[in-house]
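# Results of the structural survey
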Amino acid sequence: MTAFAHIVLATDGAARTGVLRTAHGDIATPAFMPVGTAGTVKAMTADAVRSTGADIVLGNTYHLMLRPGAERVASLGGLHRFMDWPGPILTDSGGFQVMSLAKLRKLDPDGVTFQSHLDGSTHRLTPARSIEIQHLLDATITMALDECTSFPATEEQAGVSMQLSMHWAEQSRAAFRPRDGYGLFGIVQGSVYPGLRAASARALTAIGFDGYAVGGLAIGEGQATTFAVLDATVPQLPTDAPRYLMGVGTPDDLIGAVQRGIDMFDCVIPTRAGRTARAYTSRGVFNLRNARFADDAAPLDAGCACPACIRHSRAYLHHLFKAEEMLGPMLLTWHNVQYYQDLMRSLRAAIADHRLQAFASAARAGWASEEPS
Ligand SMILES: [Zn+2]
């Protein structure tokens with residue numbers, strides 16, 4: 001069995017661009033994965049998500065195990081068929097959302113027992129059960145169960161938590177059933193402590209995974225600390241495997257992390273912002289509720305080819321949000337996902353042409369040109 005072929009086509013400093021070949025198709029890297037929490041990227045059809053250029057979407061194990069249930073999704077042909085996304089899907093392990101959403105959760109050395117936030121029913125997640133659920137969903141990329149160390153944590157707390165995640169990583173690896181074109185990623189933990197991060201990266205490398213994620217970041221530590229952790233972690237990871245920074249981030253975060261060697265990202269920012277009238281554009285972040293857009297006939301972002309920008313004015317988008325029309329969140333989500341995919345495409349081209357630094361400077365200058373709204 002071979003998991004994935006990961007081909008690095010070009011590098012620029014620590015950044016790299018390439019392709020990850022999976023059972024469900026190729027992923028051009030660096031890649032941004034729109035978050036399809038409960039089997040849908042909120043407010044978008046699967047066709048719309050595809051049209052933005054996204055190669056892969058993310059599904060959430062916690063949500064899908066509770067509703068509609070992993071066994072039901074399996075009996076209906078798997079998550080790809082269920083949500084009309086034949087391309088690659090990455091599922092998280094469920095651990096992060098158990099800790100952030102579930103009621104009455106209790107952690108022990110073998111797993112976590114929790115009550116559903118939906119109906120109060122009791123569930124248990126162990127490394128083996130998390131891997132089994134992700135197998136039932138037919139995830140292209142399965143994530144090991146880990147404990148996302150809360151922030152802030154003392155070095156001692158972070159060390160104990162990281163060791164538990166490494167123990168669970170071993171159990172996750174043992175439970176995973178290898179199939180051609182499918183893979184399992186381990187997750188580096190260790191909070192903000194470089195020594196713990198390096199030790200975690202070495203422990204995961206010794207177990208051996210098909211890709212390596214950096215978890216436990218973008219939870220309040222701030223961008224400078226996120227980048228410092230990446231500087232301490234990425235050099236410890238194998239160069240031939242994909243590297244995934246979980247839950248990050250803003251366009252500026254993505255550029256900085258790509259410059260530090262990250263290949264994959266997911267984040268709710270573009271979709272969540274779209275539902276709350278915030279637009280990410282080449283000229284900065286706009287709040288479309290702002291009265292200054294009421295008579296603005298210009299397109300949202302002149303360089304963008306999404307329907308919100310091609311067919312409508314800023315004034316119309318402003319009107320939709322003021323009138324609380326459903327189309328407002330739909331159009332702005334589409335735009336934000338398009339903007340993120342366009343950014344990744346530009347990053348890939350800039351790395352291939354060895355002009356990443358110049359691209360990053362130009363992008364940041366563009367964001368400053370019209371902000372704040
Ligand atoms: Zn657009």
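This section reports on the structure supplied with the text. Just so it is clear, the structure is predicted and the values come from calculations on it, not from any experiment.

## Quick look at the coordination of the zinc ion
- Surrounding the zinc ion are the protein donor atoms Cys304 (SG), Cys306 (SG), Cys309 (SG) and His335 (ND1), which sit 2.1 to 2.3 Å from the metal.
- Classification of the site at the zinc ion rests on its 4 donor atoms, whose angles at the metal span 98 to 116 degrees, yielding the label tetrahedral.
- Going along the chain, you hit the donors of the zinc ion in the pattern C-x1-C-x2-C-x25-H. In this pair, the class of cysteine 304 matches that of cysteine 306, namely buried.

## Comments concerning the sheet that holds strand β2 (residues 15-22)
- If you walk across this open sheet you meet the 3 strands as β1-β2-β3, and the pairing is antiparallel. Looking at the sheet topology across the chains shown, the edges are occupied by β1 (5-12) and β3 (25-29). Going from strand to strand, the sheet's axes swing by 10 degrees on average, the running direction of each strand aside.
- Here β1 pairs with β2 via 7 bridges, running antiparallel. When the bridges of β2 are listed, valine 8 appears paired with glycine 18.

## Some thoughts on the pairing of β3
- Two strands pair when backbone bridges link them, and β2 and β3 are joined in this way by 5 bridges, in the antiparallel orientation. Paired with valine 19 across the bridge in β3 is alanine 28.
- Counting the residues that bridge the hairpin from β2 to β3 gives 2 residues.

## Examining the nonpolar core
- Counting 32 residues, the largest nonpolar core has Leu230, Leu245, Ile255, Val258, Phe265 and Leu347 as its most contacted members.
- Of all the secondary structure elements, the ones that give two or more residues to this core are α9 (223-233), α10 (251-258), β14 (264-267), α14 (327-352) and α15 (356-367).
- Counting residues per element, this core draws most heavily on α14, which supplies 7 residues.
- Not counting residues up to four positions away in its chain, the partners in contact with leucine 347 are Ile255, Val258, Leu356 and Phe359.
- Ala46, Val73, Phe114 and Leu125 belong to the second largest nonpolar core, which has 28 residues in total.

## So, the pattern of salt bridges
- Tallied over the full model, the rule gives 16 salt bridges.
- Put simply, aspartate 296 and arginine 314 hold a salt bridge, and the shortest N to O gap is 3.1 Å. Highlighted residues: aspartate 296 in the loop between β16 (284-287) and α12 (307-311) and arginine 314 in helix α13 (residues 314-322), separated in sequence by 18 residues.
- Judged by relative accessible area, aspartate 296 falls into the buried class, the value being 17%.

## Section: a nonpolar patch on the surface
- A surface patch of nonpolar side chains, amounting to about 370 Å² of accessible area, comprises Tyr316, Met326, Leu327 and Met330.
- Position of tyrosine 316 relative to the elements: it lies in helix α13.

## Remarks on the sheet that holds strand β13 (residues 243-245)
- Spatially, β4-β14-β13-β12-β11-β10-β6-β5 is the arrangement adopted by the 8 strands of the open sheet, whose pairing is parallel. Single-partner strands in this sheet number two, and they are β4 (31-34) and β5 (57-59). Taken over all neighbouring pairs, the strand axes of this sheet differ in orientation by 25 degrees on average, direction set aside.
- Pairing of strand β11 (residues 183-188) with strand β12 (residues 211-214), which is carried by 4 bridges, proceeds in the parallel orientation.

Conventions and cut-offs
- Residues numbered from 1 in each chain as written.
- Predicted model: local features only at pLDDT ≥ 70, side-chain atom pairs only at ≥ 80, totals over all residues.
- Heavy atoms only, no water.
- Donors = N, O, S within 2.8 Å, 3.2 Å for Na, K, Ca; no water.
- Tetrahedral: all angles 85-135°; square planar, octahedral: opposite > 155°, others 65-115°.
- Buried < 20%, exposed > 50% of the residue type's maximum accessible area, 1.4 Å probe, protein only.
- Pairing = 2+ DSSP bridges.
- Helix = DSSP H or I, 4+ residues; strand = E, 2+ residues; numbered from the N terminus.
- Axes fitted to C-alpha atoms, helices over the stretch in contact; angles between N-to-C directions.
- Core = buried A, V, L, I, M, F, W, Y, C linked by side-chain atoms within 4.5 Å.
- Contact = heavy atoms within 4.5 Å.
- Salt bridge = Lys/Arg side-chain N within 4 Å of Asp/Glu carboxyl O.
- Patch = residues over 30% accessible without salt bridge, like charges linked within 9 Å, V, L, I, M, F, W, Y side chains within 5 Å.
- Areas by Shrake-Rupley, 256 points an atom, 1.4 Å probe, with all protein chains shown as cover.

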